[in-house]
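As a plain string of letters, each chain reads:
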Amino acid sequence: MVPGHTIERDEQRRQDWRGLLVLAVAAFALRAAWVAYRWQESGPWLEFDDERLHWQLATKLVQRGALVSDDGRYAARMPLYPLFLALFAWVGEGGIFAARLAQALVSACCAPLAGRVAGAVFGRRGGWLAGALVAVDPFNVFFCNLLLSEAVFTCVALAFAASTWRVLSDPDGVGRRGVMVLAATGAAAVLTRPSAAGWVLLVWLLVPLFDHRRARGAVRVALCMAVMAGCLLPWGLRNRSVVGDFAWLSTNGGVTLYDAQGPQARGDSDQSFLARMPELAELDEVQRDHRLQELALRQMWADPVRVLRLAGVKFLRTWSLVPNVADYRRGVAAYACAAFTLAVLAAAVAGLASAALPGKLPADWRRSVRSLAIAVLLPVAYFTLVHCVYVGSVRYRVPLMPQLALLGGGAAIVFRANVSSDQATQRAAPR
């Protein structure tokens, strides 16, 4: 005979999974509706230069078997996102619509993932709150329709943050599978966006510090490094063959740094300076990357006060409540973005405060909240600092909002009156 508590536990799990499915369906419906609306309005038109570049790379990969742009650059971007688009590029222009729908599906997966993690830390109500915040995220809904890496990177980054929390909060309960997830999601983050490399490395270096068995933690870091090397090696060897340099993090870093720190820099991105530098035409893509990086660093050393002043501008651009693009700074969209940003930030602060609730809350629960705070706040601080040096834009904080929503699940505990020790243990203990 099956004990009654086992039946109740199984029923609760079924309800939890049904709830996660509802979040996923609702999130996808919202994103797909936006994609369909924009397709009806503008069809396959690509609004931004980066969109056109990504589609070029994917199209050339399908047509010629080479990841190369129209102007002959072979390592202009990291490979994972163009490979994703290549799944749809063979269709032609209709593939743009299919890719956008696929991005809507990938983005929608963030809602149940956030709900699952926040539910494990803060209980069912916390999971619902975090999942709902991610499901209605107007920034992620908007970026689903753009052939930019945000939708894919947001999902990968959230998975990496979730696996970070799991490994830091319960090192004894994490097996080889959990460590492999941490390693694989970290490698995928770097292969999607090179700026993630520092974040991934910092997380891996934290693993031994949170493991009372330091030798085991060191082995786990070594495994993560091996997975990263195995994922990056084909990319580096391919680049060495076609451009003469490993270009592990693409050949776009120098251009981006000069865009952010050159004498023309204002805090936003405007690469029209390339047309005013004819001397670059004589250089190949690796030489151009190195040359622009050298010029940018020289400018930074010559005027460090300007670097700090630009950093303030970039910080405000990155954490602006409304989009920086003039067309989207007014109207319902702007109000929705501002309200959502304030709601997520307020919920995240409340989630942090939940660890300070009075009463005899269990130590393992406090450790779980602490680990989640580190897993979330580390990338927030890291990417904020990165984009105080490089170009600042709301798009670069878009992947951080679902991670902040993980902490936001703690608001369900803070705003629930008379939380007793037993209730907190039942709802908040990690599962």
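Okay, so let's go over this structure.

Thresholds, definitions, all that
- Residues numbered from 1 in each chain as written.
- Predicted model: local features only at pLDDT ≥ 70, side-chain atom pairs only at ≥ 80, totals over all residues.
- Heavy atoms only, no water.
- Phe/Tyr/Trp six-rings, centres within 6.5 Å; stacked < 30°, edge-to-face > 60°.
- Helix = DSSP H or I, 4+ residues; strand = E, 2+ residues; numbered from the N terminus.
- Buried < 20%, exposed > 50% of the residue type's maximum accessible area, 1.4 Å probe, protein only.
- Lys NZ or Arg CZ within 6 Å of the ring centre and 35° of its normal.
- Core = buried A, V, L, I, M, F, W, Y, C linked by side-chain atoms within 4.5 Å.
- Contact = heavy atoms within 4.5 Å.
- Salt bridge = Lys/Arg side-chain N within 4 Å of Asp/Glu carboxyl O.
- Axes fitted to C-alpha atoms, helices over the stretch in contact; angles between N-to-C directions.
- Parallel < 35°, antiparallel > 145°, perpendicular 65-115°, else oblique.
- Left-handed = near helix turned anticlockwise from the far one by under 90°.
- Nonpolar A, V, L, I, M, F, W, Y, C, P; charged D, E, K, R; others polar.
- Expected span 1.5 Å × (residues − 1).
- Disulfide = S-S within 2.5 Å.

Before going further, it helps to spend a moment on the packing of aromatic side chains. Tallied over the entire structure, the rule returns twelve aromatic pairs. Ring centres of W34 and F142 lie 6.2 Å apart, and the angle between their planes is 40°; on these two criteria the pair is classed as tilted. Note that W34 is positioned in helix α1 (residues 4-42) and F142 in helix α7 (residues 138-143), a separation of 108 residues in sequence. The class of W34 is partly exposed, set by a relative accessible area of 24%. Judged by centre distance (5.0 Å) and plane angle (80°), the ring pair of Y382 and F383 falls under edge-to-face. Each residue in the set F153, F160, W199, Y382 and F383 is aromatic and connected to the rest through ring pairs, giving one cluster. Here R240 stacks its cationic end above the ring of F246, 5.6 Å away from the centre of that ring. Over the aromatic face of F139 sits the side chain of R397, whose NZ or CZ is 4.8 Å from the ring centroid.

Attention now moves to the nonpolar core. Side chains of a nonpolar character, in soluble globular proteins, are inclined to be buried together. Grouped together as the largest cluster of nonpolar side chains are 98 residues, with contacts concentrated most on W199 and L372. For W199, the residues in contact, after removing those within four places along its chain, are F153, A157, F160, L378, P379, Y382, F383 and Q403. By size, the runner-up hydrophobic cluster in this structure holds eleven residues, among which are V255, F273, L292 and A296.

With a phi close to 40°, A247 is a non-glycine residue in the positive phi region. Within the fold, A247 resides in the loop between α11 (214-243) and α12 (253-261). Using a relative accessible area of 8% as the deciding quantity, one classes A247 as buried. The phi dihedral of S250 falls on the positive side, at around 80°, and the residue is not glycine.

Here we take up the pattern of salt bridges. Any two side chains of opposite charge can pair, so long as their charged atoms come close to each other. In total, this model carries 15 salt bridges according to the counting rule given. Here D49 ties to R52 by a salt bridge, and the two come within 2.5 Å at their closest N and O atoms. Of the two residues, D49 and R52 both sit in helix α2 (residues 49-64), three residues apart, roughly one turn of that helix. One salt bridge connects E294 with R291, and the closest N-O pair in it is separated by 3.6 Å. Taken as a pair, E294 and R291 lie in helix α13 (residues 285-302) at a separation of three residues, close to a single helical turn. The exposure class of R291 is partly exposed, given its relative accessible area of 33%.

This part covers the environment of V242. Summarising the element assignment, V242 is placed in helix α11. Using a relative accessible area of 38% as the deciding quantity, one classes V242 as partly exposed. When the C-alpha atoms of V242 and Q261 are compared, they prove to be 29 Å apart, with 19 residues separating the residues in sequence.

With that settled, the discussion passes to the packing of helix α8 (residues 150-169) against helix α10 (residues 197-206). As a packed pair, α8 and α10 sit with axes 10 Å apart at the nearest point and diverge in direction by 10°. With respect to their mutual orientation, α8 and α10 come out roughly parallel. Between α8 and α10 lies a crossing whose hand is left-handed. Of the residues in α10, those touching α8 at F153, A157, F160, T164 and L168 are W199, V200, V203, W204 and L206. Grouping the amino acids of the contact of α8 with α10 by side-chain chemistry returns nine nonpolar, one polar and no charged.

What follows deals with helix α15 (residues 331-353). Residues spaced three or four apart along an α-helix face the same direction, because each turn holds 3.6 residues. Across its 23 residues, α15 extends 33 Å between first and last C-alpha, which sits within 8% of the 33 Å expected from 1.5 Å per residue. Taken residue by residue, α15 has A334, C337, A338, F340, T341, V344, A347, A348, A350 and G351 as its buried positions.

Glancing now at the side chain of S320. Inspection of the secondary structure assignment puts S320 in the loop between α14 (304-318) and α15. Contact partners of S320, with chain neighbours within four places excluded, come to R329, V394 and R397.

What follows is about the side chain of R73. Take R73: it is sitting in the loop between α2 and α3 (80-89). The exposure class of R73 is buried, given its relative accessible area of 18%. Discounting residues that sit within four places of it in the chain, R73 has contacts with L53, L57, L67, V68, E285 and R288.

Now for the state of the cysteines. Evaluation of the coordinates by the stated rule reveals zero disulfides. Cysteine C144 shares no disulfide, and the gap to the nearest cysteine sulfur, in C110, comes to 8.7 Å.

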